[in-house]
Amino acid sequence: MPFHPFAVEQFLSEMEHGVRFNFSESGVHPMSYAALFAMAQIDTEALFETLVDYPQVNGFDLLRARIAALYDGATPENILVTVGASEANTLVATTLLEPGDNIVVFRPTYEQMAGNARNLGVEVRTVDLIEAEGWAIDQDALATAVDDRTKIIHVVNPNNPTGCVLSDTDRTAIIAAAERVGAWIVADEVYSGTERATDTATPSFWGQSERVIAINSMSKAYGLPGLRLGWLAAPADLIPAFWRRHEYATISASMMSMKLAEYALAPVTRAKLTERARGLIRRGFDTLTEALAEHPGVFSVIPPQASAMSFVRFDLPLGSEAFAGRLLKDQDVLVIPGARFGRDGYFRFSSALPEAHLRDGLDRLNAATADILKG
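Residues numbered from 1 in each chain as written. Predicted model: local features only at pLDDT ≥ 70, side-chain atom pairs only at ≥ 80, totals over all residues. Heavy atoms only, no water.

**Student:** So what's going on with the pattern of salt bridges? Which residues, and what values?
**Tutor:** Taken as a whole, this structure holds 16 salt bridges when the rule is applied. A salt bridge links Asp61 to Arg64, with the shortest nitrogen-to-oxygen separation between them at 2.7 Å. Here the residue Asp61 and the residue Arg64 both occupy positions in helix 4 (residues 61-68), the gap between them amounting to 3 residues, near one helical turn. With relative accessibility at 46%, the residue Asp61 sits in the partly exposed group. Between Glu195 and Arg278 there is a salt bridge; the shortest N-O distance is 2.7 Å. Here Glu195, found in the loop between strand 7 (184-188) and strand 8 (212-217), pairs with Arg278, found in helix 11 (residues 267-292); they are 83 residues apart in sequence, far enough to count as distant. The pair formed by Glu195 and Arg278 is uniform in burial state, with each residue classed as buried. By sharing partners, the salt bridges in this structure join Glu123, Arg125, Asp147 and Arg149 into a single network. (Salt bridge = Lys/Arg side-chain N within 4 Å of Asp/Glu carboxyl O. Helix = DSSP H or I, 4+ residues; strand = E, 2+ residues; numbered from the N terminus. Buried < 20%, exposed > 50% of the residue type's maximum accessible area, 1.4 Å probe, protein only.)

Laid out in structure tokens, this is it:
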């Protein structure tokens, strides 16, 4: 069967290295190791005595206990530590999906799960989010898309690229649709904790239905993407099936990543990381909207409720791929074209960055816009 490349990640892999103003990432500005060590009060002498060895393959007991504490009623037996959320998504797809199944996804979204499904020969059914309703779910389309062959309803909540958070009504509709046919809800929740207008974390789907798998990582809300450490929370009797495939895919995350994640997820440190993320997100979005207002009528954005990203609509005489190419060529600015999410006429912009750097890059974006408007 034909292979479907991962459009967003292919774009990033080919374009992001060496860019001066990289606004294409989806997490908050990464921390330095020094800042993490200071925040978590890590005993570096003890840490550096750690052997450069294989760690416990499914994740250290303490690490899994700290992850389980994030989910009501979960225990370490519900947790498998993976190499980022990306491996967790892939393990779920290869474990649960079979020929003849279909998967329902919402668009626009981060399409790793959908891409995995396509590459397994599984039908992918899309349900559009409604921009005019704050990127709400088209509940009628959801009800139509889900049938007795639906194995997974996949949701990214908060959403990538829009930053929208599902309403209680939309959550209820997803749960009802899944339970009607016995489908799994696979919830990618990597942006929980990045809320812009509230200090209350986006609730997990975990515990809301019997057939739920929740996925998260250290990359987005915690500002530690270089650890490449994620996890999945699932019913305990399903964990061994994921674990066996984990042994084929990566064997394990690294020893040092697990050690540092243990420190980062200690309750006091985790609270500090969340506070840092929300500060960057809130200041950054205000700076972005101020800059976009310099060209009235050209840019518009539904304010994201969470995440470091905004999905910006633009009205210019060129498509999103061409606009992103122009920004990169003329101004050394990188954004992700909306076409990579199936929505032309938009770009994804990450603004949870140091203020001076963000403002300099936005000045360049506005300069490129002015040149395009001149013709």
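**Student:** Hey, could you go over helix 12 (residues 320-331) for me, with residue numbers and the actual values?
**Tutor:** Spanning 12 residues, helix 12 covers 16 Å between terminal C-alpha atoms, matching the ideal 16 Å at 1.5 Å per step. If you check which residues of helix 12 are buried, you get Ser320, Phe323, Ala324, Leu327 and Gln331. Along the long axis of helix 12, the arc covered by the buried residues comes to 100 degrees, so they all point the same way. Backbone geometry just downstream of helix 12 places Asp332 in the positive-phi region, at approximately 60 degrees. (Expected span 1.5 Å × (residues − 1). Arc of directions from axis to C-beta.)

**Student:** Describe in detail the packing of helix 5 (residues 84-96) against helix 9 (residues 239-249), supporting the description with residues and values.
**Tutor:** Where helix 5 meets helix 9, the closest approach of the two axes is 9 Å, and the angle between their N-to-C directions is 115 degrees. As helix 5 runs across helix 9, the sense of the crossing is right-handed. Contacts from Glu87, Leu91, Val92, Thr94 and Thr95 in helix 5 reach Ala241, Phe242, Arg245, His246 and Ala249 in helix 9. Looking at the contact of helix 5 with helix 9 residue by residue, the classes come out as 5 nonpolar, 3 polar and 2 charged. (Axes fitted to C-alpha atoms, helices over the stretch in contact; angles between N-to-C directions. Left-handed = near helix turned anticlockwise from the far one by under 90°. Contact = heavy atoms within 4.5 Å. Nonpolar A, V, L, I, M, F, W, Y, C, P; charged D, E, K, R; others polar.)

**Student:** Before we move on, can you summarise the side chain of Thr369 with the specific residues and values?
**Tutor:** Mapped onto the elements, Thr369 comes out in helix 13 (residues 355-374). A polar contact is formed between the side chain of Thr369 and the backbone oxygen of Leu365, at a distance of 2.9 Å. (Polar contact = N/O pair within 3.5 Å; in protein donor to acceptor, adjacent residues only side chain to side chain.)

**Student:** Break down the sheet that holds strand 11 (residues 309-314) for me, with residues and values.
**Tutor:** In spatial order, the strands read 10-11-14-13; together these 4 strands make up an open sheet with antiparallel pairing. Looking at strand neighbours, the two that pair on one side only are strand 10 (299-300) and strand 13 (336-337), the edges of this open sheet. Pairing of strand 10 with strand 11, which is carried by 2 bridges, proceeds in the antiparallel orientation. By the bridge assignment, Phe299 is partnered in strand 11 with Phe314. (Pairing = 2+ DSSP bridges.)

**Student:** An account of the environment of Ile152 is requested, with residue identities and associated values reported.
**Tutor:** Topologically, Ile152 is positioned in strand 6 (residues 150-156). Using a relative accessible area of 0% as the deciding quantity, one classes Ile152 as buried. In the structure, Ile152 is positioned 191 residues away from Arg343 in sequence and 23 Å away in space, judged by C-alpha atoms. Those residues in contact with Ile152 that lie beyond four places of it in its chain are Val92, Leu96, Leu97, Asn102, Ile103, Val104, Ala183, Trp184 and Val186.

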